[in-house]
Amino acid sequence: MTSGPATRPLGCSVRTSPAQAVAGTGARQVIDDRRLLEARRLLDHSGWTAAVAAHLGFPDAADFGRFFRNRTGLTPAAYAAREERQQTGSGPS
C-alpha cells in the first residue's frame, strides 16, 4: 500500500486513518473521546443535560444519556451532581 500526500507526514498508509496513526485508534473512537471530554466540561459548568446533548449534536437527551452512561458508568445528571458536591466540598454522608 502506498502513502498519499495527506498520510505521508504521519507515516501511515492510505488505508490507515490519521487518527489511527496518531492515537492508535479509529476515527470513531477519537470523535467519541472528544465528545465525552466536551460533555464533562459542559456538565461541570451547566449541568443541563438537554443543552449539552444539543450542543454535542445528539438528536435528543436520551441518546446523549446512553452515550454518557455507557462510557462513564454514570448518568449525566449523576455526574453533574457528583462534580457539584466535589466543588463545594460536601460529599455523601
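Note that this is a predicted model, so its numbers are computed, not measured.

Here the focus is the overall build of the chain. In terms of regular secondary structure, the chain is built from 5 helices and 0 strands. When the elements of the chain are put in sequence order from the N terminus, they spell out α-α-α-α-α. Residue burial in the chain is summarised as follows: out of 93 residues, 26% are buried. In the chain, once contacts between residues fewer than 6 apart in sequence are set aside, the share between residues at least 24 apart is 28%.

Once that is clear, we can look at the pattern of salt bridges. Inspection of the entire model under this criterion finds 5 salt bridges. A salt bridge links Arg28 to Asp32; the nearest nitrogen and oxygen atoms lie 3.3 Å apart. Placement of the pair is Arg28 and Asp32 together in helix α2 (residues 27–45), with a separation of 4 residues, close to one helical turn. The exposed category is assigned to Arg28, whose relative accessible area is 53%.

This brings us to helix α4 (residues 61–72). Here α4 spans 16 Å end to end across 12 residues, near enough to the 16 Å set by a 1.5 Å rise per residue. Among the residues making up α4, those that are buried are Phe64, Gly65, Phe67 and Phe68. Seen along its axis, α4 keeps its buried residues to an arc of 165°; they face one direction. Where α4 is buried, its residues touch α2, α3 (49–55) and α5 (76–88). Structurally, the start of α4 carries an N-cap: the backbone nitrogen of Ala62 is 3.1 Å from a side-chain oxygen of Asp60. Looking one or two residues past α4, Gly73 carries a phi angle of roughly 85°, positive in sign.

Next up on the list: α2. For α2, spanning 19 residues, the distance from its first C-alpha to its last is 27 Å, which sits close to the expected 27 Å at 1.5 Å a residue. Among all positions of α2, only Asp32, Arg35, Leu36, Glu38, Ala39, Leu42 and Leu43 are buried. At the exit of α2 stands Gly47, carrying a positive phi of roughly 75°.

Here the focus is the packing of aromatic side chains. Overall, the coordinates contain 4 aromatic pairs when judged by the stated rule. Between Phe68 and Tyr79, the aromatic rings sit 5.4 Å apart at their centres with planes inclined by 65°, giving edge-to-face as the arrangement. A residue pair is termed long-range when its members are at least 10 positions apart, and Phe68 in helix α4 and Tyr79 in helix α5 qualify at 11 residues. In this pair, the class of Phe68 matches that of Tyr79, namely buried. An aromatic cluster is present here, built from Phe58, Phe64, Phe67, Phe68 and Tyr79 joined pairwise through their rings.

What counts and how
Residues numbered from 1 in each chain as written. Predicted model: local features only at pLDDT ≥ 70, side-chain atom pairs only at ≥ 80, totals over all residues. Heavy atoms only, no water. Helix = DSSP H or I, 4+ residues; strand = E, 2+ residues; numbered from the N terminus. Buried < 20%, exposed > 50% of the residue type's maximum accessible area, 1.4 Å probe, protein only. Contact = heavy atoms within 4.5 Å. Salt bridge = Lys/Arg side-chain N within 4 Å of Asp/Glu carboxyl O. Expected span 1.5 Å × (residues − 1). Arc of directions from axis to C-beta. Polar contact = N/O pair within 3.5 Å; in protein donor to acceptor, adjacent residues only side chain to side chain. Phe/Tyr/Trp six-rings, centres within 6.5 Å; stacked < 30°, edge-to-face > 60°.

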